[in-house]
Structure formats: structure tokens, C-alpha cells
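Working through the structure, step by step
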Amino acid sequence: MYNELVTELNTRGANLIKIVDISQLSVKENRGYNVAIIIGVVLSSGYIFRQLIENIVDYSEFGEKERRTDELAEWIADFLIAKGYSSFAQSERNLIDGYYNENTKTTLLPHKKIAILAGLGWIGKSNLLVTQEYGSALCMCTVLTNAPLPTENRPIIKPKCGECTICKDICPAGVIHGTTWERGMNRDLIVDVYQCDGCLKCLVNCFWTKKYAENNIAIFNECDVHQDFNTL
């Protein structure tokens with residue numbers, strides 16, 4: 001079943017698939033499920049470069065890949081249910097129904113928390129997940145299940161942002177406080193989500209996101225816009 005699941009997800013466009021044990025979390029968080037599957041779809045380097053060079057806010061690819069991860073999560077849930085197991089896709093559509101608190105802008109079990117348990121990256125000063133491979137150029141969704149899938153939990157990675165404050169400095173709304181994340185820290189000490197306008201500037205300007213884009217510069221060279229990345 002595991003091999004069938006992974007093969008099909010790769011065919012459907014998932015760039016990242018991790019499975020973790022969440023039985024150690026409270027029932028309030030894991031809803032009684034013991035396994036979480038996190039999937040990711042990567043934003044293209046060309047998309048990142050265009051926003052950096054043209055200084056634009058373009059939601060097109062981001063929105064499309066957010067929808068794709070939701071669709072993949074819902075497909076996983078249906079796949080596992082068809083195999084006889086219980087499963088819940090934490091897609092936007094499903095979370096609206098009582099699982100997302102509009103007042104606090106929180107969910108019971110954020111995708112980022114599952115990503116942290118999987119050792120994918122750390123919480124940056126922007127409050128986004130940051131990975132060494134892709135920076136924050138990653139759309140994610142998660143699925144909870146009781147299916148007997150092999151899990152691989154990793155140690156929690158400490159933030160690698162150091163003294164960098166690019167996300168704080170670039171934020172037009174001034175909602176990023178420049179605080180280094182620590183386990184158990186209140187989100188509001190890191191960012192004021194209530195005033196955030198979702199411009200994506202912290203995502204595309206993150207050092208690690210730029211590094212990912214630079215490492216994939218061959219893709220960018222196929223675009224119509226040309227500029228020395230080092231001048232950004």
C-alpha cells in the first residue's frame with residue numbers, strides 16, 4: 001500500500017512526501033489519529049525570480065499549487081478510506097468546517113507542525129516553514145490517518161536564520177517582529193497575522209528561498225526576464 005501510495009503521488013505531481021507518528025500529540029491536536037502524511041509541491045524558481053526582479057505580487061502559481069496540494073491530500077484520504085482505514089484530509093475546504101478558528105487564525109494541527117516533526121525545516125522569523133532545499137518555496141497539505149504506514153520522525157531543527165532580518169525588513173505591513181522561533185513560543189511573538197496582507201515578499205525574499213532559486217538558475221535562464229541574481 002505504501003509503495004502504491006507514493007508512486008501515485010509522484011505521478012500526480014507531489015515533490016515531497018513524509019509520514020510521521022503523531023500519537024504523542026494530544027487528542028485535541030491529532031483527533032485520535034496516530035499517523036500524519038505531509039505532501040509538498042514546490043514553487044518554480046522562475047516564479048520566484050519574476051517576483052524578485054519585477055518586484056510584483058503574483059499569486060498565480062502559489063494559488064494553483066496550494067489548490068494542488070489540497071487536491072492531493074483529499075485524494076490520499078479517499079485512497080486510504082477505500083483501503084478500509086479512517087482518514088482526514090486537512091485541506092482548506094475541510095478545515096473551514098469547524099477546524100479553523102477565524103478569530104485567532106489558527107488550526108488545531110498546522111501543516112508546519114507536522115513538517116517540523118518530519119524534520120523538513122524550521123520556523124523562520126516570518127513564521128513560515130523554511131527548508132534548506134527549497135527555502136519557503138513550498139506549498140503543503142496534510143492528511144491524518146490510522147493506516148499502518150511506515151513513519152519517520154526526525155529531531156526538531158533549530159532555526160538557521162541567525163542574525164538575518166530580510167523578511168522583517170522587506171515586510172511592507174511591518175508585521176514581522178524579527179523574533180527567533182523557539183519550541184512552544186506563542187506565534188504572536190513572531191508575527192502579527194491579523195495585519196498581514198499576504199504579499200508573499202517574506203517568502204520570495206528569504207535567503208534560503210533565493211538560494212533555492214539560484215541553484216536552479218538554468219530554469220530561470222529559459223524565461224524572458226534577465227538580470228544578475230547577485231544584484232538583487
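Residues numbered from 1 in each chain as written. Predicted model: local features only at pLDDT ≥ 70, side-chain atom pairs only at ≥ 80, totals over all residues. Heavy atoms only, no water.

Some words on the confidence of the model for the chain
Considering every residue of the chain, the mean pLDDT works out to 92; 93% of them sit at 70 or more. pLDDT under 50 marks residues 222-232. Its contacts with residues more than four places away, or in other chains, come to 19 contacts. (pLDDT = per-residue confidence, 0-100. Contact = heavy atoms within 4.5 Å.)

Topic: the packing of helix α1 (residues 2-11) against helix α4 (residues 60-82)
Between α1 and α4, the least distance of the axes is 11 Å, while the angle of their chain directions is 155°. In terms of orientation, α1 and α4 fall into the roughly antiparallel class. Crossing handedness for the pair α1 and α4: right-handed. Within the contact between the two elements, α1 uses E4, L5, E8 and L9 and α4 uses L72, W75, I76 and F79. For the contact of α1 with α4, the residue count by class is six nonpolar, no polar and two charged. (Axes fitted to C-alpha atoms, helices over the stretch in contact; angles between N-to-C directions. Helix = DSSP H or I, 4+ residues; strand = E, 2+ residues; numbered from the N terminus. Parallel < 35°, antiparallel > 145°, perpendicular 65-115°, else oblique. Left-handed = near helix turned anticlockwise from the far one by under 90°. Nonpolar A, V, L, I, M, F, W, Y, C, P; charged D, E, K, R; others polar.)

Considerations on the nonpolar core
Grouped together as the largest cluster of nonpolar side chains are 46 residues, with contacts concentrated most on I22, L43 and I48. If we ignore the near neighbours within four places in the chain, the residues touching L43 are I48, E61, F62, K65, A137, L138, C139, L203 and Y212. A73, I76, L80 and L149 belong to the second-largest nonpolar core, a separate cluster that totals 20 residues. (Core = buried A, V, L, I, M, F, W, Y, C linked by side-chain atoms within 4.5 Å. Buried < 20%, exposed > 50% of the residue type's maximum accessible area, 1.4 Å probe, protein only.)

Some points on the packing of helix α3 (residues 45-54) against helix α9 (residues 207-215)
Taken N-terminus to C-terminus, the directions of α3 and α9 make an angle of 120°; their axes are 9 Å apart at the nearest point. With respect to their mutual orientation, α3 and α9 come out oblique. The element α3 and its partner α9 pack so that their crossing is left-handed. Residues S45, I48, F49 and L52 of α3 form the contact with α9, whose own contacting residues are T209, K210, Y212, A213 and E214. In terms of residue class, the contact of α3 with α9 is made up of five nonpolar, two polar and two charged.

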